[in-house]
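# A structural walkthrough
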Amino acid sequence: MRSDDEAPAAAATITPYQDGPLLVRGDFALVTPDGETIDARRGTVALCRCGKSALKPFCDGTHKAVGFRAGTTRETP
């Protein structure tokens, strides 16, 4: 619990990279659907968007080999 004189924790930022992963920076926790913590080991991680990484949920660069394409903004129908 935070007291009133403590600064709030920095929020995480998530940045989608063109044809690549989602970069997550800041104060965050990665958890499985069952609530178990996934050790991120650092304050910035790259999360897989292509679905082909051998290190899921982390990116291993496979998106380049499989020709994954995705923009950096939300696409609208």
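Keep in mind that what you see is a predicted model, and the values were worked out from it rather than measured.

Conventions we followed
Residues numbered from 1 in each chain as written. Predicted model: local features only at pLDDT ≥ 70, side-chain atom pairs only at ≥ 80, totals over all residues. Heavy atoms only, no water. Core = buried A, V, L, I, M, F, W, Y, C linked by side-chain atoms within 4.5 Å. Buried < 20%, exposed > 50% of the residue type's maximum accessible area, 1.4 Å probe, protein only. Contact = heavy atoms within 4.5 Å. Pairing = 2+ DSSP bridges. Helix = DSSP H or I, 4+ residues; strand = E, 2+ residues; numbered from the N terminus. Axes fitted to C-alpha atoms, helices over the stretch in contact; angles between N-to-C directions. Salt bridge = Lys/Arg side-chain N within 4 Å of Asp/Glu carboxyl O. 1 Å grid on protein atoms, 1.4 Å probe; cavity = no way out; pocket = protein on both sides within 12 Å on 5 of 7 lines; lining within 4 Å. Points joined across faces, edges and corners; volume = space filled by probe spheres on them. Nonpolar A, V, L, I, M, F, W, Y, C, P; charged D, E, K, R; others polar.

### Examining the nonpolar core
Ranked by size, the top nonpolar core spans five residues in total: Val24, Leu30, Ala40, Val45 and Leu47. Leave out the neighbours within four places in its chain, and Ala40 touches Phe28, Leu30, Val45 and Phe58.

### So, the sheet that holds strand β2 (residues 22-25)
Read across the sheet, three strands follow the order β1-β2-β5 without closing on themselves; strand pairing throughout is antiparallel. Edge strands, defined here as strands with exactly one partner in the open sheet, are β1 (13-16) and β5 (44-47). Between one strand axis and the next, the sheet turns by 20° as a mean value, whatever way the strands run.

### Here's the deal with the pattern of salt bridges
For the coordinates displayed, the defined rule picks out two salt bridges. Asp19 is the salt-bridge partner of Arg69, the closest N and O atoms lying 3.6 Å from each other. Of this pair, Arg69 sits in the segment after α1 (62-66) while Asp19 sits in the loop between β1 and β2, and the two are 50 residues apart along the sequence. Taking relative accessible area as the criterion, Arg69 reaches 61% and is therefore assigned exposed. A salt bridge links Asp39 to Arg41; the shortest N-O distance between them is 3.6 Å. Note on Arg41: relative accessible area 72%, which makes it exposed.

### Remarks on empty space enclosed by the protein
By the definition in use, this model includes one cavity of 30 Å³ or more. In this structure, the largest cavity encloses a volume near 30 Å³. Lining the largest cavity are Gly20, Pro21, Cys48, Arg49, Cys50, Ser53, Cys59, His63 and Phe68. Across the lining of the largest cavity, the residue classes break down as five nonpolar, three polar and one charged.

### Some details on the pairing of β2
Strand direction decides the pairing type here: β1 and β2, joined by four bridges, are antiparallel. Across the sheet, residue Thr13 finds its bridge partner in β2, namely Arg25. What sits between β1 and β2 in their antiparallel hairpin is a turn of five residues, with Asp19 showing a positive phi close to 55°. Taken together, the four bridges between β2 and β5 define a ladder with antiparallel strand orientation. Bridge pairing links Val24 to Val45 in β5.

All we've got here are geometric facts, nothing functional implied.
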